[in-house]
Amino acid sequence: AKNGGRNQYQLFQPQLKTNADNYMTLVSGLSSALGRGELQLHFQPQIDLPAGGVYGAEALLRWHSPELGAVPPDVFIPVAEANGLIVPIGRWVLEEAIKQAKHWVDRGCQEFVVSVNLSAIQLRDAELAEQVAGLLDRYGLPSHNLCLEITESTAIADVETSYQICKALGEMGVKLAIDDFGTGYSSLAVLGRFPFDFIKIDRSLVRDIATNKKDLAVIRSVVALARDLGLQVVAEGVETAEQHEMLRGLGCHEGQGYLYGRPMSRDDMDAYLQRKGCC
Ligand code: C2E
Ligand code: CA
Ligand code: CA
Ligand code: CA
């Protein structure tokens, strides 16, 4: 039994050590990533479905670590949230996105909307609305060119504070979107209460619409609900022409997905907008 235990221990130990090492590399790498200029914002186009033009772009964070390579945001954002690093990182993301939005507005895309993902931690900070107002002011970006995306899990971390922040942002004219709608993290309770402008339908609901009548029915009722609430619907994860046609037919207002463009560097987004004749 003793021997068996030791073997088990020996088998398990390297694995454990590797995971712990990876985690420590992740944490220490992330804490210097901002200062070393390893973070970058990419932008993914959002299409106006009825009109066919470019509506805006979602800013998506990228980290290229010299030690770990390209680390996906699904991996490093939860780590940044767990140790507070999301606060300076989130501030940097907002500033970069606002700076970039101003660049596109100045180039002639006057209605271009740049969307930024907010973490639950950021929505606990009562100063957030003031911070956003300060950045809009510093870069001279009209508030209607900025949209902030939050999920229900983001909002309910501290409902009262996040509600007050969202209310203040809405009153400033900043657009608000409820993200990942249909995943179980976003629900009707939050939808009715917060001053949202957009519902973003999660890509898990979009994926099988061509074959799954139930997913189709869910999207149809989300569009109807949005209409009643005076909101617009953005469909995420649009990958095929068939999905595009169906979503447009259902009355979704905007689409985002690989069909229109993958997340790209701001220089590539410049070229993309030029190619589309936007700006
Ligand atoms: P999200 O907000 O739901 O962002 C959309 C994700 O879907 C992005 O993944 C995007 O690359 C991916 N995507 C877009 N179109 C398609 C498609 O047609 N097919 C498929 N399969 N995927 C598509 P990404 O960039 O890996 O980001 C993952 C998540 O990380 C985001 O999900 C968001 O929750 C978080 N995130 C990214 N950037 C930030 C940030 O600056 N701040 C915060 N707090 N979270 C961020
Ligand atoms: Ca998002
Ligand atoms: Ca989403
Ligand atoms: Ca997501």
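A few points on the structure. (Residues numbered from 1 in each chain as written. Chains lettered and ligands numbered in written order. Predicted model: local features only at pLDDT ≥ 70, side-chain atom pairs only at ≥ 80, totals over all residues. Heavy atoms only, no water.)

1. A look at the packing of helix H3 (residues 86-106) against helix H11 (residues 266-275)
What counts, and what does not: The axes used here are C-alpha line fits, helices contributing only the stretch in contact, and every angle between their N-to-C directions lies in the interval 0 to 180 degrees. Numbering goes from the N terminus for both helices and strands, where a helix is a DSSP run of H or I of at least four residues and a strand is a run of E of at least two. Roughly parallel refers to an angle under 35 degrees, roughly antiparallel to one over 145, roughly perpendicular to one between 65 and 115, and oblique to any angle outside these ranges. Note on convention: near helix rotated counterclockwise from far helix by under a right angle means a left-handed crossing. Clockwise means right-handed. We call two residues in contact whenever any of their non-hydrogen atoms come within 4.5 Å of each other.
In contact at an axis separation of 12 Å, H3 and H11 are set at 25 degrees when each is read in the N-to-C sense. The angle between H3 and H11 falls in the class roughly parallel. Of the two possible hands of crossing, H3 and H11 adopt the one that is right-handed. Across the interface between the two elements, Glu96, Gln100, His103 and Trp104 from H3 touch Arg266, Met269, Asp270 and Leu273 from H11.

2. Here we look at helix H2 (residues 73-82)
The following threshold applies: The classification of residues rests on relative accessible area computed with a 1.4 Å probe and restricted to protein chains. Under 20% of the type maximum is buried, over 50% is exposed, and intermediate values are partly exposed. When we speak of the arc, we mean the arc of directions from the helix axis to the C-beta atoms.
Taken together, the buried positions of H2 are occupied by Phe76, Val79 and Ala80. Down the axis of H2, the buried set is contained in an arc of 100 degrees. They therefore lie on one face. The outward face of H2, more than 90 degrees from its buried face, is lined by the exposed residues Asp74 and Ala82. Gly84 sits one or two residues past H2 and shows a positive phi near 85 degrees.

3. Focus on the coordination of the calcium ion (ligand 4)
This is how the line gets drawn: Coordinating N, O and S atoms are those within 2.8 Å of the metal (3.2 Å for Na, K and Ca), and as water is not part of the atoms, a site may appear to have fewer donors than expected.
In this structure, Asp180 (OD) and Asp180 (OD) serve as the protein donors to the calcium ion (ligand 4), at separations of 2.9 Å. Between the calcium ion (ligand 4) and the calcium ion (ligand 2), a separation of 5.9 Å is found. Structurally, Asp180 can be placed in strand E6 (residues 175-181).

4. Overview of the coordination of the calcium ion (ligand 2)
Surrounding the calcium ion (ligand 2) are the protein donor atoms Glu58 (OE), Asn117 (OD1), Glu149 (OE) and Asp179 (OD), at 2.1 to 2.3 Å. Taken in sequence order, the residues that donate to the calcium ion (ligand 2) follow the motif E-x58-N-x31-E-x29-D. A separation of 3.9 Å is found between the calcium ion (ligand 2) and the calcium ion (ligand 3), which share Asp179 as a coordinating residue. With Asn117 in strand E4 (residues 113-117) and Glu149 in strand E5 (residues 146-150), this residue pair connects regions lying 32 residues apart in the sequence. Judged by relative accessible area, Asn117 falls into the partly exposed class, the value being 29%. For Glu149, a relative accessible area of 1% corresponds to the buried category.

5. Section: the pairing of E5
Counted only if it meets this: Strands are labelled as partners when DSSP assigns at least two bridges between them. Orienting the strands away from the viewer, one traces the path from the first strand over the helix to the second; a clockwise path indicates a right-handed crossover.
Counted residue by residue, E5 has five buried out of five residues, so it is predominantly covered. Relative to E5, E4 runs parallel, the two being bridged by four bridges. Opposite Asn117, over in E5, you have Glu149 as the bridge partner. In terms of handedness, the path from E4 via helix H4 (residues 128-139) over to E5 forms a crossover that is right-handed. Inspection of the sheet shows E5 paired to E6 by four bridges, in the parallel sense. Each residue of the ladder has a partner; that of Ile150, found in E6, is Ile178.

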